[in-house]
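Single-letter residue listing:
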Amino acid sequence: MKNKLVSLEAALAPIPSGVTLAIGGSLLRRQPNAAVRELIRRGVKDLTLITWATTTATDMLAAAGAIRRWEGIYAGMFSHGLAPNFRRGVQSGAITARDFSECAIVARFRAAAAGLAFMPVRSLLGSDMAARNPEQIRPMTCPFSGDKLHAVAAADADFTIIHGYAGDRYGNVQWPVVRDSDDIDQLMASGAKRLIVTVEKIIPHEQVKAQPTLTYIPGQWVEAIVEVPQGAHPAACDSIYDEDEEHLRLYLEHAKTPEGMATYLDRFVRTPRAHDEYLHASGASARLPSLSVQQG
């Protein structure tokens, strides 16, 4: 087995501008925000972003002018309303947005995992999504039943970034016994070409072997794994910490204007040279509980 434990900078170094990037997380949970801040510090631009229900990670990338195209089911701030920077990008034409239903985006990642170019779906019939996205959604007829369907293109991402709970140095990622299942991180990982995982804590390989059924991302899928405590901040990580409401309000206050958001990025993204410096600058270390990954 290969030791895949590296620094955040080393893990993300292979990602250039102009690629298609899939990022995991669901709403205000497990957004790979530490990785996104590092991409912004590196000046990565011109991304095609594929997501599930995305919030802070996508909005920060939009604020930095890093997104050319977005494909997913939802981009907002969940209970905090709209994603201001993402919305401005779409309205100005800087970001091309393509909406998919939940069933359709799941089918896209299933196609990628199966090594197929597309997957048939029924859920888009009667909607305008196909008419607005003919390059990725095309009508088809089932060769067995003759039913009308749509073919959706595989989610063919160059890189995938996911934030998880705990993992070992070989890239095996485990979840706590209790977790919220409203996500497709495992499916994204299974279809990834190059998968980078940040986790709250690196645990001994012996602990993984002792409870193998908790492993939801096996090490052979993973290119690099990084220990990033509070790596989803200001979003939450199920069973470990909740979202930081105070910092989210601060973020959204800055995000009301491009000028305010530029100040936020300078203070909390570009000036901190590493994740631990961000945690200090944002006050996360003081407000969030000490890290404890409970398993077993």
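Residues numbered from 1 in each chain as written. Predicted model: local features only at pLDDT ≥ 70, side-chain atom pairs only at ≥ 80, totals over all residues. Heavy atoms only, no water.

### Overview of the overall build of the protein chain
Worth spelling out the cut-off: By the criteria applied, helices consist of DSSP H or I runs no shorter than four residues and strands consist of E runs no shorter than two, each listed in order from the N terminus. Both definitions apply: the radius of gyration is a C-alpha atom measure, and the globule rule equals 2.2 Å times residues to the power 0.38. Only protein chains enter the accessibility calculation, which uses a 1.4 Å probe; a residue is then buried when its area is under 20% of its type maximum, exposed when over 50%, and partly exposed in between. Only heavy atoms matter for contacts: two residues are in contact if any of them lie within 4.5 Å across the pair. Using a 1.4 Å probe, the Shrake-Rupley method yields the accessible areas, and only the shown protein chains count as cover for residues. Counted as positive: Lys and Arg. Counted as negative: Asp and Glu, with His and the chain ends omitted from the count. Taken as the charge centre is NZ of Lys, CZ of Arg, CG of Asp or CD of Glu, depending on the residue.
Each helix and strand in the protein chain was counted, giving 12 helices and 14 strands. Relative to the 2.2 N^0.38 estimate, which gives 19 Å for 296 residues, the radius of gyration of the protein chain is 19 Å and therefore close to what a compact globule would have. By the burial criterion, 55% of the 296 residues in the protein chain qualify as buried. Sequence separation of at least 24 residues holds for 74% of the intrachain contacts in the protein chain that already meet a minimum separation of 6. Counting every atom, the protein chain has about 12600 Å² of accessible surface; 52% of that belongs to carbon and sulfur. Charged side chains of the protein chain number 31 positive and 32 negative; the gap between the two group centres comes to 4 Å.

### Notes on the packing of aromatic side chains
Condition: Pairing of aromatic side chains here covers Phe, Tyr and the six-membered ring of Trp, requires ring centres within 6.5 Å, and sorts the geometry by plane angle: under 30 degrees stacked, over 60 edge-to-face, intermediate tilted. Two thresholds decide whether a charge sits over a ring: the Lys NZ or Arg CZ must be within 6 Å of the ring centre and within 35 degrees of the ring normal.
In total, this model carries five aromatic pairs according to the counting rule given. With 4.5 Å between their ring centres and 10° between their planes, Trp 175 and Tyr 216 make a pair best called stacked. Here the residue Trp 175 occupies a position in the loop between strand S11 (173–174) and helix H7 (185–190), and Tyr 216 occupies one in strand S13 (residues 215–217), the gap between them amounting to 41 residues. Taking the relative accessible area as the measure of exposure, Tyr 216 reaches 2% and is therefore buried. Among the aromatic residues, those joined into a cluster by ring pairs are Tyr 165, Trp 175 and Tyr 216. Its end group placed over the ring of Phe 100, Arg 108 keeps NZ or CZ at 4.7 Å from the ring centre.

### Let's talk about the packing of helix H9 (residues 245–254) against helix H10 (residues 258–270)
As a reminder of what qualifies: To get an axis, a line is fitted to the C-alpha atoms, and for a helix only the part in contact is used. The angle between two axes follows their N-to-C directions and goes from 0 to 180 degrees. Orientation labels follow simple angle bins: below 35 degrees gives roughly parallel, above 145 gives roughly antiparallel, 65 to 115 gives roughly perpendicular, and whatever is left gives oblique. Amino acids outside the nonpolar list (Ala, Val, Leu, Ile, Met, Phe, Trp, Tyr, Cys, Pro) and the charged list (Asp, Glu, Lys, Arg) are all regarded as polar, and Gly is one of them.
Interhelical geometry of H9 versus H10 gives an angle of 135° and a closest axis separation of 7 Å. Comparing their axes, H10 and H9 come out oblique. The residues of H10 that touch H9, namely those facing His 247, Leu 250, Tyr 251 and His 254, are Gly 260, Met 261, Thr 263, Tyr 264 and Phe 268. Looking at the contact of H9 with H10 residue by residue, the classes come out as five nonpolar, four polar and no charged.

### Some remarks on the packing of H10 against helix H11 (residues 275–282)
Between H10 and H11, whose axes approach to 8 Å, the crossing angle comes to 125°. Viewed along their axes, H10 and H11 adopt a mutual orientation that is oblique. Listed contacts from H11 to Tyr 264, Arg 267 and Phe 268 of H10 are Tyr 278, Ala 281 and Ser 282. Residues that form the contact of H10 with H11 fall into these classes: four nonpolar, one polar and one charged.

### Let's talk about the nonpolar core
For the record, the criterion: By nonpolar core we mean a set of buried residues, namely Ala, Val, Leu, Ile, Met, Phe, Trp, Tyr and Cys, connected to one another through side-chain atoms within 4.5 Å.
In this structure, Leu 12, Ile 15, Leu 21, Leu 61, Ile 161, Tyr 251 and Tyr 264 are the most contacted members of the largest nonpolar core, which totals 47 residues. With residues near it in sequence (within four places) discarded, Leu 21 still touches Ile 15, Leu 39, Leu 47, Thr 48, Leu 49, Ile 50, Ala 157, Phe 159, Thr 160 and Ile 161. Leu 27, Trp 52, Ala 157 and Tyr 216 belong to the second largest nonpolar core, which has 39 residues in total.

### Some remarks on unusual backbone geometry
The amide bond that connects His 233 to the next residue, Pro 234, takes the cis arrangement and shows omega of 10°. Mapped onto the fold, Pro 234 is located in the loop between strand S14 (222–227) and H9. Positive phi, normally seen in glycine, also occurs at Arg 30, with a value near 55°. Structurally, Arg 30 is set in the loop between strand S1 (20–23) and helix H2 (33–42). Even without being glycine, Phe 78 reaches a positive phi, approximately 55°. Within the element layout of this structure, Phe 78 appears in the loop between strand S5 (74–75) and helix H4 (84–92). We classify Phe 78 as partly exposed; its relative accessible area is 48%.

### Let's talk about the pattern of salt bridges
Filter applied, for reference: Think of a salt bridge as a Lys or Arg side-chain nitrogen and an Asp or Glu carboxyl oxygen that are within 4 Å of each other.
Under the criterion given, the structure shown has 16 salt bridges. Two residues, Glu 71 and Arg 69, come together in a salt bridge whose shortest N-O distance is 2.6 Å. Comparing Glu 71 with Arg 69 shows no difference in burial state: the two are buried. Salt-bridge contacts for Glu 135 lead to Arg 69; the nearest nitrogen and oxygen are separated by 3.0 Å. Taken together, the residues Glu 135 in the loop between helix H6 (129–132) and strand S8 (137–141) and Arg 69 in strand S4 (residues 67–72) connect sequence positions 66 residues apart. For Glu 135, a relative accessible area of 37% corresponds to the partly exposed category. When salt bridges with common partners are traced through the structure, they connect Arg 29, Arg 30, Asp 183, Asp 185 and Asp 238 into a single cluster.

### A closer look at the confidence of the model for the protein chain
The predicted structure's coordinates, where accompanied by low pLDDT, should not be read in detail. The line we're drawing: Scored between 0 and 100, pLDDT is the confidence that the predictor attaches to each residue.
Confidence in the prediction of the protein chain, expressed as mean pLDDT, is 93, and 94% of residues score 70 or more. For the stretch residues 290–296, pLDDT sits under 50, and the model shows 21 contacts to residues farther than four places along the chain or on other chains.

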